[in-house]
Amino acid sequence: MRAWRALMHPAAKPVVFAASLVPFAWLVFGAFADKLGANPAEYLERATGDWTLRFLCIALAITPLRVVLGQPGLARFRRMTGLFCYFYVLLHLACYSVFDMGLDFGDIAHDIAKRPFILVGFSGFVLLTPLALTSFNRAVKALGARRWQTLHKLVYAVAGLAILHFFWMRAGKHNFAEVAVYAAILAVLLGWRVVQALRRRAGAAQPARAARRA
Amino acid sequence: LPGAASTVPGANTVEKLTEYKDATSYNNFYEFGTDKGDPVQNAHTLKTRPWTVEVSGLVKKPMKLGIEDLLKLAPMEERIYRLRCVEGWSMVIPWEGYSLSKLIDRVEPLGSAKYVEFVSLADPKTMPFVGSRVLDWPYVEGLRMDEAMHPLALLTFGMYGEVLPNQNGAPVRMVLPWKYGFKSAKSIVQIRFTDRQPGTAWNKAAANEYGFYSNVNPNVDHPRWSQATERRIGEDGLFAKRRKTLMFNGYEAQVGQLYAGMDLKKNY
């Protein structure tokens, strides 16, 4: 009951919003105060990528946690965390475009076409874009809840692309420990949905069978 | 560890030096961790005294040299080299050492010696990541004999006028300025002369990404990133434009003839 009240508290959303901005604030401060090590550009690219992945995990964790913990109030934070995932991927893309590519759009297009690892990351960004653009209430109404939900299933593909992008990036260094952690988290979050869907299907089939028996 | 300015052609670039702090805190030394901040955190456990380098294989005079003997084997020179990492960043570092050829001459290689193999220390007691499955330990690197004899190939004991910090490959390492950084083996314990091309650490780990030669080459990309440009560490802040990478890291005039007639796309 106490958790429920905390989740529904008027301050809960602003608090989560502010907390989600802390990594961004730290990166801005670190960049200006020269606290990001010898290669700040690389630090910013990696950190924004990490935070994209983290917010993707958080956004995908909301529904399973809501059901498993019996906390419907968690649903209030799903849109916000999803949009923060998009916020950090935008920063990630901006860092790559500016620091690696010197904002040369010809070079960027060429790079995306040429390197599968970049193409995969960029595809994830592209697929996430319609979800961010249709995140407000009017879009839900305009699309209809069913179509909106179908569209937003794209996030599962985004999760796969994000992990592949990260895996490929680390493959050069043969360093998969962190990739495995994120992959395991996403596998649990997506696996839970598969199990739910199978159960629903079995549940839907049962009354039909019962009806036949009768 | 002072050294007189080197007279070897190409050994003293006049570019702005990378800050000591950056050159000693942003390192790839996988025995101490895979993050570039790991070596400076973890390498204090490395014991650099006593230290022996065994020189063996196809030589007339195999020998075991203590680090004190190695330090006295030839006069120390200071060399200011560009360092280009395969990851796309670069530094300018003043090193102290002498040409590897001075040591090679001492052991008198046989005519059958075609390659030199460098073996780094792999001590699980002092190197926490030896045993991780990232690479096949010990770290092995290698050169063709003519590359090893090139005067720019530096057997290195110091940087910035000081003894090498542990995280930079103490007490003795190679520096090969025309090759990607990983070719320069750190904390060397064995130098072997062989008639067969050594199986090198990164080549064994991913042959399609890291070749035996690994000469800096802006025209041959890594499968996952371009090698055409590089980020000079510490240069003009965050928005500095990346520099164009130069063939053989700018040492083409000195080393180009070693690779005359070779297909560098195939022998990457």
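Note on numbering: residues in each chain are counted from 1, in written sequence order. Note on labels: chains are lettered from A, ligands numbered from 1, in written order. The predicted origin of the model limits local features to residues at a pLDDT of at least 70 and limits the giving and counting of side-chain atom pairs to 80 or more, whereas totals for whole chains, interfaces and linings rest on all residues. Side-chain metrics in this entry use all non-hydrogen atoms of the structure; hydrogen atoms and water are not considered.

- Per an unreviewed UniProt entry, chain A is named Protein-methionine-sulfoxide reductase heme-binding subunit MsrQ, and its organism is Ramlibacter aquaticus.
- UniProt positions are given in the numbering used here, feature names are shortened, and annotations may be inferred rather than shown by experiment. Its UniProt record gives chain A a comment under Sequence similarities (unreviewed entry), which states: "Belongs to the MsrQ family."

**Quick look at the nonpolar core**
All names here are of chain B.
Item 1. Core analysis: the largest hydrophobic core is formed by 83 residues, its most contacted members being Leu 70, Leu 103, Phe 118, Leu 155, Trp 178, Ile 191 and Phe 193.
Item 2. Secondary structure elements are defined from DSSP: runs of H or I of at least 4 residues count as helices, runs of E of at least 2 residues count as strands, and each element is numbered from the N terminus. With five residues, the top contributor of residues to this core is strand E5 (residues 89–99).
Item 3. For Phe 118, the residues in contact, after removing those within four places along its chain, are Leu 100, Tyr 139, Val 140, Glu 141, Gly 142, Leu 143, Met 174, Ala 185, Ile 188, Gln 190 and Ile 191. Residues belong to a common nonpolar core when they are buried Ala, Val, Leu, Ile, Met, Phe, Trp, Tyr or Cys residues joined through side-chain atoms within 4.5 Å. A 1.4 Å probe rolled over the protein chains alone gives each residue an accessible area, and that area as a share of the maximum for its type sets the label: buried under 20%, exposed over 50%, partly exposed in between. Residue contacts are counted whenever heavy atoms from the two residues lie within 4.5 Å of one another.

**Considering the UniProt feature "transmembrane region" (unreviewed entry) in chain A**
All names here are of chain A.
Item 1. Those places that UniProt annotates as "transmembrane region" (unreviewed entry) correspond, in this numbering, to residues 52–69, 81–99, 119–139, 151–169 and 175–195.
Item 2. In residues 81–99, the share of helix is 100% and the share of strand is 0%. The end C-alpha atoms are 26 Å apart.
Item 3. The straight-line gap between the two end C-alpha atoms of residues 175–195 is 31 Å; of that span, 90% is helix and 0% is strand.

**A closer look at the UniProt feature "domain: Ferric oxidoreductase" (unreviewed entry) in chain A**
Item 1. Within the UniProt annotation, "domain: Ferric oxidoreductase" (unreviewed entry) is assigned to residues 55–162 of chain A.
Item 2. Across residues 55–162 of chain A one finds 83% helix and 0% strand; the C-alpha atoms that close the span lie 12 Å apart.

**A look at the pattern of salt bridges**
Item 1. For salt bridges, the criterion is a side-chain nitrogen of Lys or Arg within 4 Å of an Asp or Glu carboxyl oxygen. Within the structure shown, the criterion is met by 28 salt bridges over all chains.
Item 2. In this structure, Arg 231 of chain B and Asp 100 of chain A form a salt bridge, with 3.0 Å as the shortest nitrogen-oxygen distance. Here Arg 231 of chain B is found in strand E12 (residues 229–232), whereas its partner Asp 100 of chain A is found in helix H4 (residues 78–100) on a different chain.
Item 3. Of the charged contacts, one joins Glu 108 of chain B and Lys 60 of chain B as a salt bridge, the two residues approaching to 3.9 Å between their closest N and O atoms. Taken together, the positions of Glu 108 of chain B in the loop between helix H4 (100–107) and strand E6 (115–120) and Lys 60 of chain B in the loop between strand E2 (52–57) and strand E3 (63–66) put the pair 48 residues apart, joining distant regions of the chain.
Item 4. The class of Lys 60 of chain B is exposed, set by a relative accessible area of 57%.
Item 5. Through salt bridges with shared partners, a single ionic network connects Glu 15, Arg 82, Arg 84, Glu 230, Arg 232, Glu 235 and Arg 243 of chain B.

**With respect to the packing of aromatic side chains**
Item 1. Each aromatic pair joins two rings of Phe, Tyr and Trp (for Trp, the six-membered one) with centres within 6.5 Å, and gets the label stacked for planes under 30 degrees apart, edge-to-face for over 60, and tilted for any other angle. Considering all chains together, one arrives at 27 aromatic pairs over all chains under this definition.
Item 2. A centroid spacing of 6.1 Å and a plane angle of 45 degrees characterise the contact between Trp 26 of chain A and Phe 29 of chain A, whose relative ring orientation is tilted. Pair noted here: Trp 26 of chain A and Phe 29 of chain A are both in helix H2 (residues 12–32), with a separation of three residues, about one helical turn.
Item 3. With relative accessibility at 36%, the residue Trp 26 of chain A sits in the partly exposed group.
Item 4. Residue Phe 29 of chain A is classed as partly exposed on the basis of its relative accessible area, which comes to 45%.
Item 5. We call a charge positioned above a ring when the Lys NZ or Arg CZ atom is no farther than 6 Å from the ring centre and deviates by at most 35 degrees from the ring normal. Just above the ring of Trp 51 of chain A sits the side chain of Arg 54 of chain A; from NZ or CZ to the centre is 4.5 Å.
Item 6. Against the face of Phe 29 of chain B rests Lys 186 of chain B, its NZ or CZ located 5.3 Å from the ring centre.

**A word on empty space enclosed by the protein**
Residues and elements named next belong to chain B.
Item 1. Cavities and pockets are defined on a 1 Å grid built over the protein atoms alone: a cavity is a set of grid points where a 1.4 Å probe fits but cannot escape, while a pocket is an open set with protein on both sides within 12 Å along at least five of seven lines, and lining residues are those with an atom within 4 Å of any such point. Grid points are joined across faces, edges and corners, and a volume is the space filled by probe spheres set on the points. Here the structure, examined in full by the defined rule, presents two cavities of 30 Å³ or more.
Item 2. For the largest cavity, the calculated volume is near 420 Å³.
Item 3. Lining the largest cavity are 28 residues; nearest its centre among them are Asn 28, Phe 29, Gly 181, Phe 182 and Lys 186.
Item 4. Tallying contributions element by element places E5 first for the lining of the largest cavity, with four residues.
Item 5. For the lining of the largest cavity, a count of residues per class yields 17 nonpolar, seven polar and four charged.
Item 6. A volume near 30 Å³ is recorded for the second largest cavity.
Item 7. Lining the second largest cavity, in full, are Leu 83, Arg 173, Val 175, Leu 176, Lys 179, Tyr 180, Gly 181 and Ser 184. The nonpolar class holds Ala, Val, Leu, Ile, Met, Phe, Trp, Tyr, Cys and Pro. Asp, Glu, Lys and Arg form the charged class, and all remaining residues, Gly among them, are polar.

**Thoughts on the sheet that holds strand E11 (residues 188–194) of chain B**
Residues and elements named next belong to chain B.
Item 1. We treat two strands as partners when DSSP finds at least two bridges between them. Reading across from one edge, E3-E2-E11-E6-E7 is the order of the five strands in this open sheet, with mixed pairing throughout. Strand pairing shows two members of the sheet lacking a second neighbour, E3 and strand E7 (140–144), which therefore form its edges. Across the sheet, the mean angle from the axis of one strand to that of its neighbour is 15 degrees, orientation sign disregarded. Axis angles are defined between N-to-C directions and span 0 to 180 degrees, where every axis is a line fitted to C-alpha atoms and, for a helix, only to the segment in contact.

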